[in-house]
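Notes for the structure review
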Amino acid sequence: MSATRPEPRTPTSSGPHTIPLLDLDTLIERRKISIDGELYEILSPDELSVIESHRFGVWGKRIEQLADKEGEEEIKELEALIARASRKILVGVPDEVFARLPGAHQWAVIDLFTGLLLQMKLKVAGAMQTAMGELPEMFRAGIFPTGAQQSPVSSGSMADPPRPGWWTRLLRWSGPA
């Protein structure tokens, strides 16, 4: 008598368990950006380890803190942090090309990458919603993972208007500090 491996089951019905909860792909595709007419690869959010993902979150929070400061030391720290984060993202860019990028272009790289991170988080959130079949009770009640609550009479706060930028949006999705 020989031992045989059971064949994996393939869904034959169209019930709720035939749709995958999360579609994972192990193939990493790096997107490209153009600098001075040349295409260069950038880091894919799918490549980030848990530690690297956390590190980007810490850097983003610190950038937000420093962006409101005007002291010389804070400005130097902000510029260095922007350069560090954008350099990490621009994996395929030679050092001499990166050295020519002004701060505004480095900010643009960070904003682009943060948008890609947010897109990835939204995919996971969508998969979770699909798996649950509906929005969790806390969302329907107006309570969000960040701890914020929706006001019954307005959808926003006049005391702290939202700041533009992908870091801010990503930080809201990532939860409290």
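Our subject is the structure that appears above.
The following paragraphs examine the structure supplied in this document.

Parameters and conventions
Residues numbered from 1 in each chain as written. Predicted model: local features only at pLDDT ≥ 70, side-chain atom pairs only at ≥ 80, totals over all residues. Heavy atoms only, no water. Helix = DSSP H or I, 4+ residues; strand = E, 2+ residues; numbered from the N terminus. Buried < 20%, exposed > 50% of the residue type's maximum accessible area, 1.4 Å probe, protein only. Polar contact = N/O pair within 3.5 Å; in protein donor to acceptor, adjacent residues only side chain to side chain. Contact = heavy atoms within 4.5 Å. Axes fitted to C-alpha atoms, helices over the stretch in contact; angles between N-to-C directions. Parallel < 35°, antiparallel > 145°, perpendicular 65-115°, else oblique. Left-handed = near helix turned anticlockwise from the far one by under 90°. Nonpolar A, V, L, I, M, F, W, Y, C, P; charged D, E, K, R; others polar. Pairing = 2+ DSSP bridges.

Turning our attention to the side chain of Gln106. Position of Gln106 relative to the elements: it lies in helix α4 (residues 103–132). Taking relative accessible area as the criterion, Gln106 reaches 9% and is therefore assigned buried. A polar atom in the side chain of Gln106 sits 3.3 Å from the backbone oxygen of Leu101. Ignoring sequence-local partners within four residues, the contact set of Gln106 consists of Ile82, Ala83, Ser86, Phe98 and Leu101.

The interhelical angle for the contact between helix α1 (residues 50–67) and helix α2 (residues 72–89), taken along N-to-C directions, is 150°, at an axis separation of 10 Å. As judged from the angle between their axes, α1 and α2 are roughly antiparallel. Two packed elements cross with a definite hand, and for α1 against α2 that hand is left-handed. Contacts from Glu52, Phe56, Trp59, Arg62, Ile63, Leu66 and Ala67 of α1 reach α2 at Glu74, Glu77, Leu78, Leu81, Ile82, Arg84, Ala85, Lys88 and Ile89. For the contact of α1 with α2, the per-class residue count stands at 10 nonpolar, no polar and 6 charged.

Judged by which residues are buried, strand β1 (residues 32–35) turns out to be one-sided: Ile33 and Ile35 face inward and are buried, whereas Lys32 and Ser34, on the alternate face, are not. Of the pairings in the sheet, the one linking β1 to strand β2 (residues 38–41) comprises 4 bridges and is antiparallel in character. The residue of β2 that forms the bridge with Lys32 is Glu41. Turn length for the β1-β2 hairpin, with the two strands adjacent in sequence and antiparallel, is 2 residues, and the turn residue Asp36 shows positive phi of about 50°.

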